[in-house]
Amino acid sequence: MFIDIGTGVAPSRTFKLTLKNNLLVLPAVKDQNDYLEMEVIKGKLYLRSKPVQWDQNGNRISSVQERLEQRVFKRIKG
């Protein structure tokens, strides 16, 4: 479990993450968050997200155009 304290303006939120091999995965939850995964490769943090859409019944809608967006963060020595 991870707690996102944010900026302190809104209440903190608790997320349940799972570890799959070298990936830390946050599954999509309706009205809370999109699908996220994090992985460290050669000292860089790879953050990948996939926007998720839901139907009126709360079921996840799959789309051919679903794409995994990726950002890479590297440590800056200061």
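Heads up: the structure comes first, above all this text.
First, a word on scope: everything that follows refers to the structure included in this document.

Definitions and limits used
Residues numbered from 1 in each chain as written. Predicted model: local features only at pLDDT ≥ 70, side-chain atom pairs only at ≥ 80, totals over all residues. Heavy atoms only, no water. Pairing = 2+ DSSP bridges. Helix = DSSP H or I, 4+ residues; strand = E, 2+ residues; numbered from the N terminus. Axes fitted to C-alpha atoms, helices over the stretch in contact; angles between N-to-C directions.

## Section: the sheet that holds strand S4 (residues 23-26)
Note on sheets: strands pair through backbone hydrogen bonds, and any given pair is parallel or antiparallel.
(1) Moving on: Pairing in this open sheet of 5 strands is antiparallel, and the strands run S3-S4-S5-S6-S9 from one edge to the other. Sheet topology places strand S3 (18-20) and strand S9 (69-74) at the edges, where each strand pairs with a single neighbour. Strand-to-strand twist in this sheet, taken as the mean axis angle between neighbours without regard to direction, amounts to 25°.
(2) Moving on: As paired strands, strand S6 (residues 44-50) and S9 are joined by 6 bridges and run antiparallel to one another. Across the sheet, residue Leu47 finds its bridge partner in S9, namely Arg71.

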